[in-house]
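Structural overview
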Amino acid sequence: MRADIGVIGGSGFYSLLDDAEEITLTTPYGPPSDVVTVGRIGSRSVAFIPRHGRDHRFPPHRIPYRANLWALRSLGVRQVLAPSAVGSLKAEHGPGTIVVPDQIVDRTSGRVQTYYDMGGAVHVSFADPYCPSGRAVAVSYARAGEWNTVDGGTLVVIEGPRFSSRAESRWFAANGWTIVGMTGFPESILARELALCYTSLSLVTDLDAGVEAGEGVTHDEVLAFFARNVARMRTLVADTVKALPEERTCPCGSTLDGIKLPFDLP
Ligand SMILES: [Zn+2]
């Protein structure tokens, strides 16, 4: 089984492909979050992993991020879409907004964030963490689907599993950052280290605690909001999958050019 495009579904997004084949994989980093389903959307072959497992057994800080990206690459995947639920740091980007971020701030701690931790130093560029081609397609289909769409913005990734305090949230907002989540890192850097394209489709489910109108949030509220929007999200992901370029012209695939790797990539 091979796939060109990988989708890593977030909270509330546990399935994507009907009539798909299930593959149980393991990797040098252990098994991924769940069985991988491989099927087709239009003419594209797609591999889907539910980020937290289908039963949501992995909290954000325990997700096997390295295994998930490695598994996708080993199936042939070179472009990854990452739908996820986020809180908004700006009152004008309320629930139901789709943000396609172009920058990221890492506020996690203690998560393994590299494949290259022995056998020589490998320093990849992360100046622009997201795929420009994938972002452009996602933005255009979010707009076409009549989502309130934000093209660009900064995702701050917190360690979790707790939500932010009001002071933390106000600090993030004061820095001009746009949305807050718990899984966008190290997923994005691990994708980059494997020379994969990576595009985040971040669905705002709530206003974060430091935004004036925000009351704070519970996990049940996040899941309930996502459940009401999951059919629309599936449509957006499917539209984006179908429109991703077949040949990559973005810089993502040449990330590792000229770098001596300590092992071969799958
Ligand atoms: Zn790319």
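To be clear, the structure that these remarks concern was listed above.
Summarised in this report is the structure supplied together with it. Each chain carries its own residue numbering, running from 1 in the written order of its sequence. In keeping with the predicted nature of the model, local features appear solely for residues at pLDDT of at least 70, side-chain atom pairs appear and are counted solely at 80 or more, and the whole-chain, interface and lining totals rest on all residues. Only hydrogens and water are set aside; all other atoms, that is, all heavy atoms of the structure, feed into the side-chain values.

This paragraph deals with the overall build of the chain. Helix and strand assignments follow DSSP, with helices taken as H or I runs no shorter than four residues and strands as E runs no shorter than two, numbered in order from the N terminus. Within the chain, the secondary structure is distributed over five helices and 11 strands. C-alpha atoms define the radius of gyration in this analysis, and the globule rule sets the expected value at 2.2 Å times the number of residues to the power 0.38. Compactness check: the chain gives a C-alpha radius of gyration of 17 Å against a globular reference of 18 Å for 266 residues, within 12% of the reference. With the principal axes as the frame, the chain shows a C-alpha extent of 50 × 40 × 35 Å. Only protein chains enter the accessibility calculation, which uses a 1.4 Å probe. A residue is then buried if its area is under 20% of the maximum for its type, exposed if over 50%, and partly exposed in between. In the chain, which comprises 266 residues, the proportion classed as buried is 58%. Contacts in the chain between residues at least 24 apart in sequence constitute 82% of all its contacts with a sequence separation of at least 6. We score Asp and Glu as negative and Lys and Arg as positive, and we do not count His or the chain ends. Note on charges: their place is set at NZ of Lys, CZ of Arg, CG of Asp or CD of Glu. The average position of the 25 basic charges and that of the 29 acidic charges among the side chains of the chain differ by 2 Å. We call two residues contacting when some pair of their heavy atoms lies within 4.5 Å.

Attention shifts here to the packing of aromatic side chains. Note on aromatic pairs: the rings of Phe, Tyr and Trp (six-membered ring only in Trp) are paired at centre separations within 6.5 Å, and the planes decide the class, stacked below 30 degrees, edge-to-face beyond 60, tilted for the rest. Summed over all chains, the structure comprises 10 aromatic pairs. With 5.2 Å between their ring centres and 70° between their planes, Tyr 29 and Tyr 115 make a pair best called edge-to-face. Of this pair, Tyr 29 sits in the loop between β2 (21-23) and β3 (36-41) while Tyr 115 is found in the loop between β7 (103-107) and α2 (132-144), placing the two residues 86 residues apart along the sequence. On the basis of relative accessibility, which here comes to 24%, the residue Tyr 29 falls in the partly exposed class. Measuring from ring centre to ring centre gives 6.2 Å for Phe 126 and Phe 185, while their planes differ by 65°; the resulting arrangement is edge-to-face. With Phe 126 in the loop between β7 and α2 and Phe 185 in helix α4 (residues 184-193), this residue pair connects regions lying 59 residues apart in the sequence. Assessed through its relative accessible area of 5%, Phe 185 is described here as buried. Of the aromatic side chains, those joined through ring pairs into one cluster are Tyr 29, Trp 70, Tyr 115, Tyr 116 and Phe 263.

What follows deals with the nonpolar core. We call a set of buried residues a nonpolar core when its members are Ala, Val, Leu, Ile, Met, Phe, Trp, Tyr or Cys and they connect through side-chain atoms within 4.5 Å of each other. Ranked by internal contacts, the top residues of the largest apolar core, which has 38 residues, are Val 38, Ala 47, Leu 69, Leu 72, Val 80, Tyr 115 and Leu 155. Leaving out residues up to four positions away in the same chain, Val 38 has contacts with Met 1, Arg 2, Ala 3, Leu 17, Ala 20, Glu 21, Ile 23, Val 46, Ala 47 and Leu 75. By size, the runner-up hydrophobic cluster in this structure holds 30 residues, among which are Ile 41, Ala 85, Val 137 and Ala 142.

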